[in-house]
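Read off the chains here:
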Amino acid sequence: MDRSLILSLSEDLHFSLTEEEIQDIQKDFAWVQSIQDQFTQIDVSNVEPMTSCVEFFEQDLRLDRANPCLGKEQVLQNSKKIKEDKILVNQVVRSSCDLKTR
Amino acid sequence: MRFKDSIDFQELTRKWHTADEKIHAVASWCDWKEDSSFYVAVKDNISVAGTLMQAGSHILEGYRPVYDATVISQLRKHGASVFCKSKMDELGMGDTGLNTGGTPILNPYDLSRITGGSSGGSAALVANGCCPLAIGTDTGDSIRQPASYTGTIGVKPTYGRISRYGVLPYANSMDTVGFFTTCIEDAAYALEILEGRDPKDMTSSAMLPGHYKRSLDSNLAGKKIGIFRSVMDTIKNPVFQKSFEDLIHHLEKKGAHLIWVDLDSKWLDLVDPVYKTIANAEACSNHACLDGLRYGLQPIENTVEESIKHARTTGFSSLVKKRFIYGAYSLYEENQKDLFEKAQRIRRQIVQEYRAALEDLDVLLALSTPDIAPEIAEMDRSGMQIESISISHLKLDNLAGTPSLSLPLGFKQGCPFGLCVRSDRFQEQKMFDIAKAIEEYTGFAGLCVEAI
């Protein structure tokens, strides 16, 4: 797994990796490649993917009716800063050039 | 009610704190009620309203759920009080009890050894005699493996038996709520308390609840017991082999029909790769919502995007990030068909073979783990490798959604090891019946460190 692919994946996942972590992932990638090799040797083209232990026909589905169960206060309870019904995320302003008029 | 906690309450709370100082199994203390019928520990990925829930991860630092999980409501309805949230491997992704975001959990039988995971904290608290029941979750042996290492009974019921509402998901196509006890009667009663259809969890089963404890029957005459030869042939430990052989002679003497079961190694060798491919992919998708904005770390950066990146970079451990990378890789457009979707197809094939074997049996037996709990100093936490079937066979029940439990079978070097008893979907009564007979043979009902 080359470095650029690892960095691209980590960008998609919204986190950074240290050099040590990148090397660790590259070292272990042989494990993923061995899985890919094992999979290519098996023909299951006529088998439906199994997406859950409970098949759709075993589920007792109900009509999708909106049923709000948490109030505004509860939803915002874990936020450090709130204003009315919004979560506030502080932005660091380093100079007046950073201020943008919206 | 079977659970007994008839000791002085002051003595009990002192015992909890002393136990935690010794084994570091408590993530946070709850507001317990003094007059409860019994006390329960709950794994720290299950919501208890108002109580800290970190699931072993810094990204959830300071987070307090605003509602109770359904299992918590069920427990309270039956007079239980949750006294603590138990430590776990980060976000359920681990099998050692070492990657907890804090101090590692220590095995009560030998403090230099691991408890296993990811439900290691719950297992350790029951093993240490702190409570008769502890709740855990099992996605890829996370209850049964620590049960084997700690000499407890660890039960993973059929997928859908117990509601997952309020449980932090890891790999939702396999996540199952389960529990630890010290005897089969308690385990049977615990399932009666916890199971049931929940309209808030559409994967929960509509099957009528059972009366497992009342219906327990340890008579072995005529029972069809499978011996999982494909697994047992890979376990070379002479102490383990002798214990297992003595057991099956006893079962035969009591009138059980023993049937040797082999599954094609072509499929068995794929159990671990299929599990890891699906679990890592589902995990990275499920945890995409952990952005540190609405709860948790909530760092301050120049932009919202930078805040998210900071939270996820510092909030997740290296091990979890690695799993997310591999999960995302298998979901990439060019890889999805050959990796993720292929794993799902192979999963169905494996499950078909496995359930065909279970169909003709009451239960299937194999040793839960190939050895006792490893020493902490020996643990290699660096690499990911494919596990042999002697370890990965427990994941068959996660892929298939079938019920399975581990109960203590014997001791080696003063440390316990377990036996896995499994049955087909919704056949928990058969599983408990045979397990009860085995428990009567071993005499390990009520086993905990204190009792020894």
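Positions within a chain are numbered from 1, following the residues in the order the chain's sequence is written. A letter from A marks each chain and a number from 1 marks each ligand, given out in the order of writing. Given that this is a predicted model, residues contribute local features only at a pLDDT of at least 70 and side-chain atom pairs are listed and counted only at 80 or more, while totals for whole chains, interfaces and linings are drawn from all residues. Note: side-chain values were computed over all heavy atoms of the structure, leaving out hydrogens and water.

Peer 1: How would you sum up the environment of proline 209 of chain B? Please name residues and give values.
Peer 2: Runs of H or I in DSSP of at least four residues are treated as helices and runs of E of at least two as strands, each being numbered from the N terminus. Looking at where proline 209 of chain B falls in the secondary structure, it is placed in the loop between α5 (184–194) and β7 (224–228). By relative accessible area, proline 209 of chain B is classed as partly exposed at 47%. Burial classification: accessible surface area is computed with a 1.4 Å probe over protein chains only, and a residue below 20% of its type maximum counts as buried, one above 50% as exposed, and the rest as partly exposed.

Peer 1: Please set out the side chain of threonine 181 of chain B residue by residue, giving values where relevant.
Peer 2: Residues and elements named next belong to chain B. Mapping threonine 181 onto the fold places it in strand β6 (residues 176–181). Relative accessible area serves as the criterion here: at 0%, threonine 181 is assigned to the buried category. Think of a polar contact as two N or O atoms within 3.5 Å of one another; within protein, one of them needs to be a possible hydrogen donor and the other a possible acceptor, and neighboring residues in sequence only count if both atoms come from side chains. Looking at threonine 181, its side chain comes within polar contact range of the main-chain oxygen of cysteine 183, at 3.0 Å. It only takes one pair of heavy atoms within 4.5 Å for two residues to be counted as in contact. Look past the residues within four positions of threonine 181 in its chain and what remains in contact with it is Val126, Pro132, Leu133, Thr152, Ile153, Asp186 and Ala187.

Peer 1: Lay out the interface of chain B and chain A with the relevant residues and their values.
Peer 2: Every contact between the two is made by 70 residues of chain B and, on the other side, 56 residues of chain A. Regarding the contact of chain B and chain A, the summed buried area is about 5,500 Å², with carbon and sulfur atoms giving 61% of it. Any carboxyl oxygen of Asp or Glu that lies within 4 Å of a side-chain nitrogen of Lys or Arg is treated as forming a salt bridge with it. For the pair chain B and chain A, the interface holds four salt bridges. For lysine 321 of chain B, the salt bridge identified is with glutamate 21 of chain A, shortest N-O distance 3.4 Å. Where chain B meets chain A, there are 22 residue pairs in polar contact (both at pLDDT 80 or more). Values labelled buried area give the accessible surface lost by two parts on being combined, using a 1.4 Å probe and summing over both.

Peer 1: I'd like a rundown of the packing of helix α9 (residues 271–286) of chain B against helix α11 (residues 318–331) of chain B, residues and numbers included.
Peer 2: Residues and elements named next belong to chain B. To define axes, lines are fitted to C-alpha atoms, for helices over the stretch in contact only, and angles between the resulting N-to-C directions are given on a 0 to 180 degree scale. Packing of α9 against α11 leaves a shortest axis separation of 7 Å and a crossing angle of 100°. In terms of axis orientation, α9 runs roughly perpendicular to α11. On α11, the residues that touch Thr277, Asn280, Ala281, Ala283 and Cys284 of α9 are Arg323, Phe324, Tyr326, Gly327, Ala328, Ser330 and Leu331. In terms of residue class, the contact of α9 with α11 is made up of seven nonpolar, four polar and one charged. Oblique is the label for every angle not falling under 35 degrees (roughly parallel), over 145 degrees (roughly antiparallel), or within 65 to 115 degrees (roughly perpendicular). Under this grouping Gly is polar, as are all residues other than the nonpolar Ala, Val, Leu, Ile, Met, Phe, Trp, Tyr, Cys and Pro and the charged Asp, Glu, Lys and Arg.

Peer 1: Tell me about the state of the cysteines, residues and numbers included.
Peer 2: By definition, a disulfide links the sulfur atoms of two cysteines through a covalent bond. When two cysteine sulfur atoms lie within 2.5 Å, the pair is treated as a disulfide. Enumeration over the complete set of coordinates arrives at zero disulfides over all chains. Free of any disulfide, cysteine 53 of chain A has its nearest neighbouring cysteine sulfur in cysteine 420 of chain B, separated by 15 Å. Judged by its relative accessible area of 5%, cysteine 53 of chain A is buried. For the unlinked cysteine cysteine 130 of chain B, the closest cysteine sulfur is that of cysteine 131 of chain B, found at 6.2 Å.

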